[in-house]
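Read off the chains here:
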Amino acid sequence: MSGRRRMIGAVGVTAAMASMTLVAAAGSASASTSGNVPLTGSVPAFALHVKPTGNLAGSTKLIIQVWLKPRSGAQKFAAEVSTPGSALYGHYLSPSGYASRFGASTKTAGAVTSWLRSKGFAAIRTDLGRDYVRATGPVSKINAAFHTVLKTYPSSAGAAVGSVLHANSRSV
């Protein structure tokens, strides 16, 4: 698989994980009988409107990102440092300053890291701002861990001819 296709696949998975995290943080999910919590809105929008062309092979390795909910105030701070006339205008934070002020707690990032490790993922890393935890694993582990099925979808206009998108076909 080409690097471009792998990146497009990672974007699809990332979109799903970002949706999953944001919805989970908002408390919009309802428990199922199996103990799993399907998260409303965790299927990327394009996957709802395009017929899949097939399942992604279980041995295909992808990089996923599980996005973490930032602590409150990050959006307000970003608006203030970007607004001329604001007392905070131009007083940007370093990556470590952002992490200490707004990033998810180290406990939360550690819990996600431990969970991913327990599911067999490798190359697990938390970004400097503690916005997400990245991991690598085969599609079979992604499907099992997130109780979904990754499928292939035709690319949208403007993408390279013959490229495909990878995304979950049902809520995670």
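Nothing here was measured: the structure is a model prediction, and the numbers come from that model.

Cut-offs used in this document
- Residues numbered from 1 in each chain as written.
- Predicted model: local features only at pLDDT ≥ 70, side-chain atom pairs only at ≥ 80, totals over all residues.
- Heavy atoms only, no water.
- Pairing = 2+ DSSP bridges.
- Helix = DSSP H or I, 4+ residues; strand = E, 2+ residues; numbered from the N terminus.
- Axes fitted to C-alpha atoms, helices over the stretch in contact; angles between N-to-C directions.
- Salt bridge = Lys/Arg side-chain N within 4 Å of Asp/Glu carboxyl O.
- Core = buried A, V, L, I, M, F, W, Y, C linked by side-chain atoms within 4.5 Å.
- Buried < 20%, exposed > 50% of the residue type's maximum accessible area, 1.4 Å probe, protein only.
- Contact = heavy atoms within 4.5 Å.

A. The arrangement of the pairing of strand β5 (residues 150-154) in detail. Judged from the 2 bridges that link them, strand β1 (residues 54-55) and β5 form a sheet pairing that is antiparallel. If you follow G54 over to β5, its bridge partner there is T152. Bridge count for β5 against strand β6 (residues 164-168) is 5 bridges, and the pairing is antiparallel. The partner of Y153 across the bridge, within β6, is L165.

B. The arrangement of the sheet that holds strand β4 (residues 132-138) in detail. Strand order across the open sheet formed by 3 strands is β2-β4-β3, with antiparallel pairing between neighbours. Strands with a single pairing partner mark the edges of an open sheet, and in this sheet they are β2 (61-67) and β3 (122-126). On average, each strand axis in the sheet is tilted by 15° relative to the strand beside it, whichever way the strands run. With 3 bridges connecting them, β3 and β4 associate as antiparallel partners. Bridge pairing in β4 places R125 opposite R134.

C. Summary view of the pattern of salt bridges. For the structure on display, the rule yields 1 salt bridge. Across the salt bridge formed by E80 and K76, the nearest N and O atoms sit 3.9 Å from each other. Here the residue E80 and the residue K76 both occupy positions in helix α3 (residues 74-82), the gap between them amounting to 4 residues, near one helical turn.

D. Region of the structure containing the nonpolar core. Ranked by internal contacts, the top residues of the largest apolar core, which has 19 residues, are I64, L116, F121, I142 and F146. Sorting the residues of this core by element identifies β2, α5 (106-118), β4 and α6 (139-146) as the ones contributing at least two each. Per-element tally for this core: the top contributor is α6, with 4 residues. With residues up to four places along the chain from it excluded, the contact list for I142 reads L62, I64, F121, G137, H147 and L150.

Everything listed here is a matter of coordinates, which is why it stays silent on function.
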